[in-house]
Amino acid sequence: MLSTPPLAGQQKVPLVLHHLVIVLDSATWHDVSTAPLLREQFAANFPYLSGRTLAVERLGLIGKYNYFVFAAPHAALARQPGDVDIILASEKPGAFDVLSAGGGYQRETVSSESETSWGDLSTGYEVLRLAGPDSTSDHARFSIIQYTSNSARQAAVKDSLPISNLAVSRFLASRYLPGKLLAYVSSATLAVPVDDIARIVAVLKRDSITVFAEGEGAIIKLDGFTLHLIPPWAGAGVKQLQFALTHDVPANPVYSFGPRSQLRFGPGRIAVWDFGAR
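Cut-offs and rules
Residues numbered from 1 in each chain as written. Predicted model: local features only at pLDDT ≥ 70, side-chain atom pairs only at ≥ 80, totals over all residues. Heavy atoms only, no water. Helix = DSSP H or I, 4+ residues; strand = E, 2+ residues; numbered from the N terminus. Buried < 20%, exposed > 50% of the residue type's maximum accessible area, 1.4 Å probe, protein only. Contact = heavy atoms within 4.5 Å. Areas by Shrake-Rupley, 256 points an atom, 1.4 Å probe, with all protein chains shown as cover. Arc of directions from axis to C-beta. Polar contact = N/O pair within 3.5 Å; in protein donor to acceptor, adjacent residues only side chain to side chain. Salt bridge = Lys/Arg side-chain N within 4 Å of Asp/Glu carboxyl O. Pairing = 2+ DSSP bridges. Core = buried A, V, L, I, M, F, W, Y, C linked by side-chain atoms within 4.5 Å. Phe/Tyr/Trp six-rings, centres within 6.5 Å; stacked < 30°, edge-to-face > 60°. pLDDT = per-residue confidence, 0-100.

Student: An account of the overall build of the protein is requested, with residue identities and associated values reported.
Tutor: Tallying secondary structure elements over the protein gives 6 helices and 16 strands in all. The burial tally for the protein puts 50% of its 278 residues in the buried class. Partitioning the intrachain contacts of the protein with sequence separation of at least 6 by distance along the chain shows that 64% fall at a separation of at least 24. Element-wise, carbon and sulfur atoms account for 54% of the exposed surface of the protein, whose accessible area totals about 12,300 Å².

Spelled out as structure tokens, the structure:
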């Protein structure tokens, strides 16, 4: 397992959350995928993504700086309830050269013609995935992406921003709807295998990301987002999501989805979604 210290003289590479993919149980997926609140009020969304060979049912909920995706279980793709994908992003030009120099990653470019994990066919990016013995399991897939300068060049035609601007918000801007409730995902608590926690923590600590140990779990502090990883002793998968909102929701309502999850609004411009709360 990767255990190398930071490279001498290596600068910290800030990382942000790009998106999470969360595979739900069938009952919760049914309620989430049919909820008018989520489709009409909570966030801009894309309802379904088509895989290259198989249709995959997903609901993506898009904020200004990041987003998250709920997915239905899919036996043919070996996706079961409790599985998660954690996709971080670097917004600093040249950061991938620094990150990949430390080893442990497989680096590849996804062209603008290829289908991405969030259904956007127009944006190319680079991706780093943990490789070989440092790879995480399919229960907790982990990667880091960065948009390419060519993608920034294409975006500049519309937004006139510099090509050096690789901020995630720039590339989500065409999908984000500020009149909806979701501003961004601010925190997530995910229960994943302890070996996966160790691998994710090792590479992030090596890359100078702030990580606090918590038994066999960890608290990972990124720019604008906190990731809490815990062992799956009480069941794998998402345990809690926290959000910043664009505006208050009157009366601080609570909504239930499936047998055990509740989305609570307020007080103030926050919302908390607990899974297994009842």
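Student: Please provide a residue-by-residue account of helix 4 (residues 149-159), values included.
Tutor: Among all positions of helix 4, only Ser-151, Ala-152 and Ala-155 are buried. Down the axis of helix 4, the smallest arc covering the buried residues is 95 degrees, so these residues share one side. The inward-facing, buried residues of helix 4 abut helix 5 (168-172). Looking one or two residues beyond helix 4, the residue adopting positive phi is Ser-160, at roughly 60 degrees.

Student: Go over the side chain of Thr-148, please, and point to the residues and values.
Tutor: Counting through the fold element by element, Thr-148 comes out in the loop between strand 8 (140-147) and helix 4. Of the polar contacts made by the side chain of Thr-148, one reaches the side chain of Ser-151; its length is 3.0 Å. Apart from residues lying up to four places away in sequence, Thr-148 is in contact with Thr-109, Gly-124, Tyr-125, Glu-126 and Leu-166.

Student: Lay out the pattern of salt bridges with the relevant residues and their values.
Tutor: When charged atoms on two side chains of opposite charge get close, those side chains can pair. A complete count under the given rule lists 10 salt bridges for this structure. Across the salt bridge formed by Glu-126 and Arg-107, the nearest N and O atoms sit 2.9 Å from each other. With Glu-126 in strand 7 (residues 125-130) and Arg-107 in strand 6 (residues 105-110), the pair connects residues that are 19 residues apart, well separated along the chain. Judged by its relative accessible area of 18%, Glu-126 falls in the buried class.

Student: Got a sec to walk through the pairing of strand 8? Specific residues and values, please.
Tutor: Among the 8 residues of strand 8, 7 are classified as buried, and the element is accordingly described as predominantly covered. As defined by bridge partners, strand 5 (residues 84-89) adjoins strand 8 across 6 bridges and the pair is classed as parallel. By the bridge assignment, Leu-88 is partnered in strand 8 with Ile-144.

Student: Before we move on, can you summarise the nonpolar core with the specific residues and values?
Tutor: Among the nonpolar cores identified, the biggest contains 60 residues, and Leu-38, Phe-42, Phe-70, Leu-241 and Phe-243 are the most heavily contacted of them. Broken down by element, this core gets its largest block of residues, 5 residues, from helix 6 (residues 194-206).

Student: Can you tell me about the packing of aromatic side chains, naming the residues and giving the values?
Tutor: This model, assessed by the stated rule, comprises 12 aromatic pairs. When the ring of Phe-42 is compared with that of Phe-243, the centres are 5.4 Å apart and the planes differ by 75 degrees; the resulting orientation is edge-to-face. Of the two residues, Phe-42 is situated in helix 2 (residues 36-42) and Phe-243 in strand 13 (residues 237-245); the sequence distance between them amounts to 201 residues. Phe-243 carries the same exposure label as Phe-42, and that label is buried. Ring plane angle 40 degrees and centroid distance 4.9 Å describe the contact between Phe-257 and Trp-273, whose orientation is recorded as tilted. Within this pair, whereas Phe-257 is found in strand 14 (residues 254-257), its partner Trp-273 is found in strand 16 (residues 270-275), the two being separated by 16 residues in sequence. In this structure, Phe-257 and Trp-273 share a single accessibility class: buried. Grouping aromatic residues by their ring pairs yields a cluster made of Phe-42, Phe-68, Phe-70, Phe-243, Tyr-255, Phe-257, Phe-265, Trp-273 and Phe-275.

Student: Can you lay out the confidence of the model for the protein for me, pointing to particular residues and giving the numbers?
Tutor: Residues with a pLDDT of 70 or more make up 87% of the protein, whose mean pLDDT is 88. The low-confidence segment residues 48-54 (pLDDT under 50) makes 18 contacts with residues lying over four places distant or belonging to another chain.

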